[in-house]
Amino acid sequence: MIQWQKVILKLGELVLKGRNRHRFEKTVYEQVKRVLAPWPGITYRREFGRIVLTLGTVPYEDIRPRLAKVLGLGSFSPAVTCGLSLKEVQEASLQVMAALGDTPRTFKVNVRRVNKQFPHDSQEMNRLVGGPILRAYPSLRVDVHHPDAELRIELREEEALIYCVSDEGAGGFPLGSNGRAMLMLSGGIDSPVAGFLALRQGLKVEAVHFHSYPFTSEKSQEKVKDLARKLCPYAGPVKLHMVPFTSVQTRIHEAYRDNLLITILRRTMLRITERLAELHGAGAIVTGESLGQVASQTLSSMNAIGRVVELPMIRPLVCMEKAEIIRIAERIDTYETSILPYEDCCTLFLPPSPSTNPNLKVIQSIERNLVWLEEEIDKAVGATETILITEEDAEQDRYSSLF
């Protein structure tokens, strides 16, 4: 079993473009240190476009799942180090090739000679390292254009760095590099995926959930907390704003029960979310809407609902198919939680035939007659409970369940 001494983290291509590169690199660096905080023995070195970790005694497989969730990382590769003699480089290269498990059909050697005092140039080293590998693996062939495996060797000032395997990173922009947004988080499949995609585009999200207790159970609220917790490996601690929606929802239902009810409720939710965004310094609202999935997500409905707020509406899923959304939900581990059968406030008081083509002027006329609505919105905003959701909450829950 090979002992990896270092890990080379390569930043995503988007991160390296433009004047913001240094700020982006610093953000990714801080994220890496945050997710690897449980391993204080790891040391870090920032280089142009990448970060090099020295693991010490920490096994690479222990930190690999954490690194896969750092936004802004394009890839990361475990590496071995050795001395600067030809024999040591050859032996270490054979170890790295052996760690691949299944022997690839083709390979190439890519040597970068940073240390110009090294006696062999890059072209010579390609041959001097590749020869012993070909003798050790007779079925292996060299392909310099499209190899199955690329053995990379960096001849540095004090040591050689050798690696071959690369794990795919989360990519995207570094967390928070493009601002802050409020995520309307329901208990369904779509909104957590929208939150993940917003995070991946560099938005720091705070979640807003509307609950109608006692019409909806406490279990439905716990489900939403669990969904927010699933985003923590990517987002760090997540603020979850729990909005009591019972009074607003019941009063609207008492005053109006026709086919525009869902449209008016959704507009009210957006108005409350915009108020919370203003209070917490967010510059946009993220929703899990996908065009055509339900009555409130037709083009006409989304237009009539979205016009109630001035903040930008970000809909990452708007043109995605359900199967596509489910695949991402499974990848980020929210799907199984999302399908738990606990109701949310959106399932209450549904009219028999919700409008799919609402008239904005008619909606505004109905809302003008709800003279108490602004006061109810103020109460809901004032009574909102903000909870800080962290990964450690889940760890503590698992720990407590053992006793």
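Residues numbered from 1 in each chain as written. Predicted model: local features only at pLDDT ≥ 70, side-chain atom pairs only at ≥ 80, totals over all residues. Heavy atoms only, no water.

When you go through the protein residue by residue, the secondary structure sums to 14 helices and 15 strands. Once the C-alpha set of the protein is aligned to its principal axes, its extents read approximately 85 × 50 × 40 Å. Taking all 403 residues of the protein together, the buried fraction comes to 52%. Accessible area for the protein stands at about 19,500 Å²; split by element, carbon and sulfur atoms hold 50% of it. Taken together, the 50 basic and 49 acidic charged side chains of the protein have centroids lying 5 Å from each other. (Helix = DSSP H or I, 4+ residues; strand = E, 2+ residues; numbered from the N terminus. Buried < 20%, exposed > 50% of the residue type's maximum accessible area, 1.4 Å probe, protein only. Areas by Shrake-Rupley, 256 points an atom, 1.4 Å probe, with all protein chains shown as cover. Lys, Arg positive; Asp, Glu negative; His and termini not counted. Charge placed at Lys NZ, Arg CZ, Asp CG, Glu CD.)

Split into domains, the protein comes out as domain 1 (6–168) and domain 2 (180–401). Using C-alpha coordinates to define each centre, domain 1 is positioned 43 Å away from domain 2. Between domain 1 and domain 2, the contact holds 6 residues from the first and 8 residues from the second. Across the domain 1/domain 2 interface, buried area totals approximately 610 Å², and carbon plus sulfur atoms make up 55% of it. For the domain 1 face of the interface with domain 2, the top three residues by lost area are Arg 34, Lys 69 and Leu 71, together amounting to 80%. At the junction of domain 1 with domain 2, the criterion picks out 0 residue pairs in polar contact (both at pLDDT 80 or more). Of all the elements, helix α1 (residues 21–35) adds the most residues to the side of domain 1 that touches domain 2, at 3 residues. Among the residues forming the side of domain 1 that touches domain 2, the class breakdown is 2 nonpolar, 1 polar and 3 charged. (Domains from an automatic or database assignment. Contact = heavy atoms within 4.5 Å. Buried area = accessible area lost by both parts, 1.4 Å probe. Polar contact = N/O pair within 3.5 Å; in protein donor to acceptor, adjacent residues only side chain to side chain. Nonpolar A, V, L, I, M, F, W, Y, C, P; charged D, E, K, R; others polar.)

Looking now at the nonpolar core. One finds Val 32, Leu 53, Ile 63 and Leu 151 to be the most contacted residues of the largest nonpolar core, which totals 45 residues. In contact with Leu 53, other than residues within four places in its own chain, are Gln 5, Lys 6, Val 7, Leu 9, Val 32, Leu 36, Ile 42, Thr 43, Tyr 44, Ile 63 and Leu 67. Formed by 36 residues, the second largest nonpolar core is a distinct cluster that contains Leu 183, Leu 185, Leu 203 and Ala 235. (Core = buried A, V, L, I, M, F, W, Y, C linked by side-chain atoms within 4.5 Å.)

A separate point is the packing of helix α7 (residues 246–255) against helix α13 (residues 373–382). In contact at an axis separation of 9 Å, α7 and α13 are set at 160° when each is read in the N-to-C sense. By the criterion of interaxial angle, the relationship of α7 to α13 is roughly antiparallel. As α7 packs across α13, the resulting crossing turns out to be left-handed. Residues Ser 247, Val 248, Arg 251 and Ile 252 of α7 pack against Leu 373, Glu 376 and Ala 380 of α13. For the contact of α7 with α13, the class distribution of residues is 4 nonpolar, 1 polar and 2 charged. (Axes fitted to C-alpha atoms, helices over the stretch in contact; angles between N-to-C directions. Parallel < 35°, antiparallel > 145°, perpendicular 65-115°, else oblique. Left-handed = near helix turned anticlockwise from the far one by under 90°.)

There is a patch of nonpolar side chains on the surface, built from Leu 134, Val 142 and Val 144 and spanning about 230 Å² of accessible area. Within the secondary structure layout, Val 142 lies in strand β6 (residues 141–142). (Patch = residues over 30% accessible without salt bridge, like charges linked within 9 Å, V, L, I, M, F, W, Y side chains within 5 Å. Salt bridge = Lys/Arg side-chain N within 4 Å of Asp/Glu carboxyl O.)

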